[in-house]
Amino acid sequence: MPTPAQTTPPTPSAGSPEPVRWGFLATGKIARSVAADLALVPTSRLVAVGARRQESADAFVAEHAPGARAHGSYADLVTDPDVEVVYVASPHALHLEHARMAIEAGKHVLCEKPLTLDLPTATEMVRLAREHDVFLMEAMWTACHPVVLEVRRRLRAGELGTPRQLRAELGFVVAADPDDRLLDPALGAGALLDMGIYPLTLAHLLLGEPEQLVATASLSERGVDLDVAIAGRYPGGALATLSASMTSWSDRSAALATDRGRLELHGQFHHPEKAVFRPFRAGSTNDASGYDEPFEIHGAEPVVGRGYAHEVAEVDRCVRAGLRESPLVPHAQTLAVMAQLDDVRRQVGVTYDAT
């Protein structure tokens, strides 16, 4: 029987290493979500929070980490001697600046996705981490998700057949002020970086690195990509249709058709509840009579919290093992997807500036 989602942390075993000590840089919505899941990870402890204003840091600590230190500046956070890992949760355009501060202070870094606005700056962040011999990982929680990992494993083992067609879409209506970061070109606004990175990453995880991407988009008057559609060709002739939207309520689903059946990721595809594979009999004409019994795919471990806990636990594991990058979210994968984002952006005519 599948294991139900875990909502409380397991008790650490005797002799477990000390929890990894985290500091959060920025206190926005994503930081609050990750902090709630970090509290469910027994190998983690949130010990400090940094914000641009002391009141913001105080409020975040009161809600998510009573007893942690609240710093009224990012500089104070990254120089806090008790912090081992800094989670950078600021807007995309500020990631390199803030990660640099942490890296040069000798801290390990988990940086929100996308790592930066473009490949050159992402490459520079990776270079800095290697130069200072610290761990760096992009916060791509999908790549650490137990269900996605199990689907990927079964695909690679050939258990689900040969992938032929992938569809993935992610979108929701963004009702925000014009100066909100989601609509500000200077801060990397648009559907591509906030939403499009997920279908591109899923395709990369399940199909490999694309051989060709062809994209189109609908842009706002300020040149912000509100809707993006991408067609991709992948190794072995597999194809993908990927989309992202800031103007419509997508069902946020994904499905993969293979030569043996169809796989569907249930719930939101970038953090699915489960996957279901429906096999078809050989010689089927794709009607109900051709179905074999569908079966569910669950992760090797239960999903903890909303799913952010798994990227946190992966950072903890890597840091305690002395690794400098994660095998689940390696630097090469992060940079490859960043290059794909750059490619799509050039095709649709999006630039990140204040004009």
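Residues numbered from 1 in each chain as written. Predicted model: local features only at pLDDT ≥ 70, side-chain atom pairs only at ≥ 80, totals over all residues. Heavy atoms only, no water.

Now for the overall build of the protein chain. Helix and strand content of the protein chain: nine helices and 14 strands. The C-alpha atoms of the protein chain give 21 Å as radius of gyration, which agrees with the globular expectation for 355 residues (20 Å, within 12%). For the protein chain, the C-alpha atoms occupy an extent of roughly 65 × 55 × 35 Å along the three principal directions. Going through the 355 residues of the protein chain one by one, you find that 52% of them count as buried. Within the protein chain, residue pairs in contact and separated by at least 24 positions form 65% of the contacts whose partners lie at least 6 positions apart. (Helix = DSSP H or I, 4+ residues; strand = E, 2+ residues; numbered from the N terminus. Rg over C-alpha atoms; globule rule 2.2 N^0.38 Å. Buried < 20%, exposed > 50% of the residue type's maximum accessible area, 1.4 Å probe, protein only. Contact = heavy atoms within 4.5 Å.)

Turning our attention to the packing of helix H4 (residues 95-104) against helix H5 (residues 119-131). For the pair H4 and H5, interaxial distance at closest approach is 10 Å and the crossing angle is 5°. With respect to each other, H4 and H5 are oriented roughly parallel. Of the residues in H5, those touching H4 at His-95, Leu-96, Ala-99, Arg-100, Ile-103 and Glu-104 are Thr-121, Glu-124, Met-125, Leu-128 and Ala-129. Its residues placed into classes, the contact of H4 with H5 shows six nonpolar, two polar and three charged. (Axes fitted to C-alpha atoms, helices over the stretch in contact; angles between N-to-C directions. Parallel < 35°, antiparallel > 145°, perpendicular 65-115°, else oblique. Nonpolar A, V, L, I, M, F, W, Y, C, P; charged D, E, K, R; others polar.)

By the burial criterion, the buried members of helix H1 (residues 29-38) are Ala-31, Ser-33, Val-34, Ala-35, Asp-37 and Leu-38. Where H1 is buried, its residues meet strand E1 (20-25), strand E2 (44-50), helix H2 (54-64), strand E4 (85-88) and helix H8 (309-321).

As paired elements, strand E12 (residues 261-266) and strand E13 (residues 274-279) share six bridges and run antiparallel to each other. Note that in E13 the partner of Glu-264 across the bridge is Val-276. Sheet topology note: the E13/strand E14 (residues 295-297) ladder contains three bridges and is antiparallel. Paired with Ala-275 across the two strands is Ile-297, which belongs to E14. (Pairing = 2+ DSSP bridges.)

Next up on the list: the confidence of the model for the protein chain. Looking at the protein chain, the pLDDT average stands at 92 and 94% of residues meet or exceed 70. The model gives residues 1-14 a pLDDT under 50, and that stretch makes 16 contacts with residues more than four places away or in other chains. (pLDDT = per-residue confidence, 0-100.)

The next point concerns the sheet that holds strand E3 (residues 69-71). Remark on secondary structure: sheet strands pair via backbone hydrogen bonds, oriented parallel or antiparallel. On the basis of which strands lie adjacent, the open sheet formed by six strands has the order E3-E2-E1-E4-E5-E6 and parallel pairing. Strands with a single pairing partner mark the edges of an open sheet, and in this sheet they are E3 and strand E6 (136-138). Strand-to-strand twist in this sheet, taken as the mean axis angle between neighbours without regard to direction, amounts to 25°. Two strands pair when backbone bridges link them, and strand E5 (residues 108-111) and E6 are joined in this way by three bridges, in the parallel orientation. Each residue of the ladder has a partner; that of Val-109, found in E6, is Leu-136.

What follows is about the environment of Val-173. Structurally, Val-173 is set in the loop between strand E7 (163-171) and helix H7 (191-207). For Val-173, a relative accessible area of 33% corresponds to the partly exposed category. Beyond its immediate sequence surroundings of up to four residues, Val-173 is in contact with Met-246, Thr-247, Ser-248 and Trp-249.

Where H7 contacts helix H9 (residues 331-348), the two axes come as close as 10 Å, and the packing angle between them is 125°. With respect to H9, the element H7 is oriented oblique. Crossing geometry of H7 relative to H9 is assigned as right-handed. Across the interface between the two elements, Leu-192, Leu-193, Ile-197, Leu-200, Thr-201, His-204 and Leu-205 from H7 touch Gln-333, Ala-336, Val-337, Met-338, Gln-340, Leu-341, Val-344 and Arg-345 from H9. Grouping the amino acids of the contact of H7 with H9 by side-chain chemistry returns ten nonpolar, four polar and one charged. (Left-handed = near helix turned anticlockwise from the far one by under 90°.)

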